Amino acid sequence: MAWAYAELTKEASRRGGPLALRYFYTGQGVIIGGAVASAALAGALAHDKRSKRRAAAAAATEAKRS
């Protein structure tokens with residue numbers, strides 16, 4: 001427990017105090033979490049759209065060959 005308190009104290013002094021440390025982890029965490037979630041969602045949607053395009057192109061190519 002003492003080690004964890006010492007680490008929190010060091011981090012708080014680097015950030016500018018306990019209140020600044022709390023703001024950093026709550027405020028920035030929400031912003032960073034939102035950005036990561038948005039990027040993941042955008043990547044999933046782009047992948048889905050690309051795979052549908054490839055499937056349609058493959059179906060069209062197969063239809064032309066038949």
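Keep in mind that this is a model prediction, so the values were computed, not measured. (Residues numbered from 1 in each chain as written. Predicted model: local features only at pLDDT ≥ 70, side-chain atom pairs only at ≥ 80, totals over all residues. Heavy atoms only, no water.)

With respect to the overall build of the protein
Stated formally: Numbering goes from the N terminus for both helices and strands, where a helix is a DSSP run of H or I of at least four residues and a strand is a run of E of at least two. Only protein chains enter the area calculation, which uses a 1.4 Å probe; residues under 20% of their type maximum are buried, those over 50% are exposed, and those in between are partly exposed. Each accessible area value is a Shrake-Rupley result obtained with a 1.4 Å probe; residue values ignore everything except the protein chains displayed when judging cover.
Along its length, the protein carries two helices and zero strands. Within the span of the protein, comprising 66 residues, buried residues form 8% of the whole. A total of about 5,800 Å² of accessible surface is found on the protein, and carbon and sulfur atoms cover 66% of it.

Some words on the pattern of salt bridges
Short version of the rule: Basic side-chain nitrogens of Lys or Arg form a salt bridge, by our definition, when they fall within 4 Å of a carboxyl oxygen of Asp or Glu.
A full pass over the atoms with the stated rule returns three salt bridges. Of the charged contacts in the structure, one is a salt bridge between glutamate 7 and lysine 10, with a shortest N-O distance of 3.8 Å. Pair noted here: glutamate 7 and lysine 10 are both in helix α1 (residues 2-15), with a separation of three residues, about one helical turn. Of the residues examined, glutamate 7 reaches a relative accessible area of 30% and is grouped as partly exposed. The salt bridge involving glutamate 11 is made with arginine 14; its shortest N-O contact spans 3.3 Å. Taken together, the residues span about one helical turn, with glutamate 11 and arginine 14 both in helix α1 at a distance of three residues.

Quick word on α1
Spelled out, the test is: Take the residue count of a helix, subtract one, and multiply by 1.5 Å to get its expected span.
The end-to-end C-alpha distance of α1 is 20 Å, a good match for the 20 Å that 14 residues give at a rise of 1.5 Å each. Just past α1, the residue glycine 16 takes up positive phi, approximately 110°.

Some details on the side chain of glutamate 11
The cut-off we apply is this: Contact between two residues is taken to exist if any of their heavy atoms lie within 4.5 Å; hydrogens are not considered.
Judged by relative accessible area, which is 12%, glutamate 11 ranks as buried. Beyond its immediate sequence surroundings of up to four residues, glutamate 11 is in contact with Leu21 and Tyr25.

Observations regarding the environment of alanine 12
Turning to its location among the elements, alanine 12 is positioned in helix α1. By relative accessible area, alanine 12 is classed as buried at 9%. A sequence separation of 10 residues divides alanine 12 from arginine 22, and the C-alpha atoms of the two residues are 8.5 Å apart. Apart from the residues lying within four places of it in its own chain, the contact partners of alanine 12 are Gly17, Pro18 and Leu21.

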